[in-house]
Amino acid sequence: MTSTLESDIIDGLRAGGIRRRLSENKLFETFSYFVNEGVRKFRLDRDDAAGAYADAVLAVVGSIHNGGFEQRASLKTFLFQIFSNKCVDLTRKKTTNKGKVHQGTVWIDELPLPDESRNFLRRLMDASQLDIVKARIAQLGEKCQTMLLRWGEGYSDSEIASELGYNTEAVAKTSRLRCLQKLRESSSSSGA
């Protein structure tokens with residue numbers, strides 16, 4: 001049985017334009033808790049589960065847009081089945097020697113996707129990466145957090161020095177570079 005929310009998402013995905021983009025985002029947000037299921041049930045790391053989820057959402061969007069979704073099951077069930085299959089595939093790849101071949105980066109532009117799907121995938125990946133970076137920055141301490149977030153927002157070292165009370169721009173830059181080094185070290189120690 002399809003809920004009103006699911007019906008609205010399906011109708012929006014079929015509509016196209018801005019409504020489609022909003023529906024893509026709503027679909028992604030509504031069932032994003034599946035990522036936790038991927039971590040728990042399939043024992044994937046968070047990044048792999050998030051990637052499987054993004055792939056599953058793209059597959060569902062394509063299926064609905066192309067008329068392949070026949071609504072024999074709810075949207076949630078349909079998405080979860082695709083997500084589960086992607087998680088199983090990832091688990092298999094990691095437990096065989098083939099996994100070593102699949103650990104390289106696949107560039108979005110090399111994927112055989114229509115432009116709107118490619119743009120949607122970029123937005124999903126950017127949002128996912130941003131969440132990961134923010135979580136790692138949060139572990140660095142308040143001063144590094146503030147400094148790196150300001151720098152990421154386009155503040156100059158001079159502006160950062162003034163805002164955070166450093167004596168000179170050079171001191172702020174040195175401190176920022178130390179914070180970036182800590183961020184790199186935390187990323188490499190967590191396997192990213």
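Structure report, in brief. Everything numeric here is computed off the predicted structure, so don't read it as measured data. (Residues numbered from 1 in each chain as written. Predicted model: local features only at pLDDT ≥ 70, side-chain atom pairs only at ≥ 80, totals over all residues. Heavy atoms only, no water.)

**Here's the deal with the overall build of the protein chain**
- Within the protein chain, the regular secondary structure consists of 10 helices and 0 strands.
- Of the regular secondary structure in the protein chain, the N- to C-terminal order runs α-α-α-α-α-α-α-α-α-α.
- Sequence separation of at least 24 residues holds for 57% of the intrachain contacts in the protein chain that already meet a minimum separation of 6.
- By element, 51% of the accessible surface of the protein chain is carried by carbon and sulfur atoms, the whole surface being about 12,100 Å². (Helix = DSSP H or I, 4+ residues; strand = E, 2+ residues; numbered from the N terminus. Contact = heavy atoms within 4.5 Å. Areas by Shrake-Rupley, 256 points an atom, 1.4 Å probe, with all protein chains shown as cover.)

**What about the nonpolar core?**
- Grouped together as the largest cluster of nonpolar side chains are 24 residues, with contacts concentrated most on L27, Y53, V60, I64, L75, L79 and F83.
- Secondary structure elements with two or more residues in this core: helix 1 (4-15), helix 3 (34-41), helix 4 (46-65) and helix 5 (75-95).
- Membership of the second largest hydrophobic core comes to 13 residues, among which are L140, M147, A161 and Y166. (Core = buried A, V, L, I, M, F, W, Y, C linked by side-chain atoms within 4.5 Å. Buried < 20%, exposed > 50% of the residue type's maximum accessible area, 1.4 Å probe, protein only.)

**A word on the side chain of R20**
- Take R20: it is sitting in helix 2 (residues 17-30).
- Residue R20 is classed as buried on the basis of its relative accessible area of 4%.
- Within polar-contact distance, the side chain of R20 engages the side chain of H65 at 2.9 Å. (Polar contact = N/O pair within 3.5 Å; in protein donor to acceptor, adjacent residues only side chain to side chain.)

**With respect to the packing of aromatic side chains**
- Applying the stated criterion across every chain yields a total of 10 aromatic pairs.
- Centre to centre, the rings of F28 and Y53 are 5.0 Å apart; their planes meet at 50°, and the pair counts as tilted. Residue F28 is found in helix 2, and its partner Y53 is found in helix 4; the two are separated by 25 residues along the sequence.
- Plain terms: the ring middles of Y53 and F83 are 6.1 Å apart, the flat faces sit at 80° to each other, and that makes the pair edge-to-face. With a gap of 30 residues between them, Y53 in helix 4 and F83 in helix 5 connect regions that are remote in the sequence. Judged on exposure class, the residue Y53 and its partner F83 are both buried.
- Aromatic rings pair up to connect F28, F31, Y33, F34, Y53, F80 and F83 into one cluster.
- In this structure, K143 is placed above the aromatic ring of Y166, and the distance from its NZ or CZ to the ring centre is 5.0 Å.
- The ring of Y155 carries the charged tip of R150 above its face, separated from the ring centre by 5.9 Å. (Phe/Tyr/Trp six-rings, centres within 6.5 Å; stacked < 30°, edge-to-face > 60°. Lys NZ or Arg CZ within 6 Å of the ring centre and 35° of its normal.)

**Some thoughts on helix 3**
- Turning to helix 3, its buried residues number three or more, namely F34, V35 and G38. One face of helix 3 carries all of its buried residues, which in axial projection span an arc of 110°.
- Looking at the buried residues of helix 3, the elements they touch are helix 4 and helix 5.
- Of the residues trailing helix 3, R43 is marked for its positive phi of about 55°. (Arc of directions from axis to C-beta.)

**A few points about the state of the cysteines**
- Throughout the structure, instances matching the rule amount to 1 disulfide.
- Each sulfur in the disulfide pair C144 and C179 lies 2.0 Å from the other. Taking the torsion about the S-S bond as the criterion, the C144 to C179 disulfide, at about -75°, is left-handed. Highlighted residues: C144 in helix 8 (residues 142-152) and C179 in helix 10 (residues 169-189), separated in sequence by 35 residues. C179 carries the same exposure label as C144, and that label is buried. (Disulfide = S-S within 2.5 Å.)

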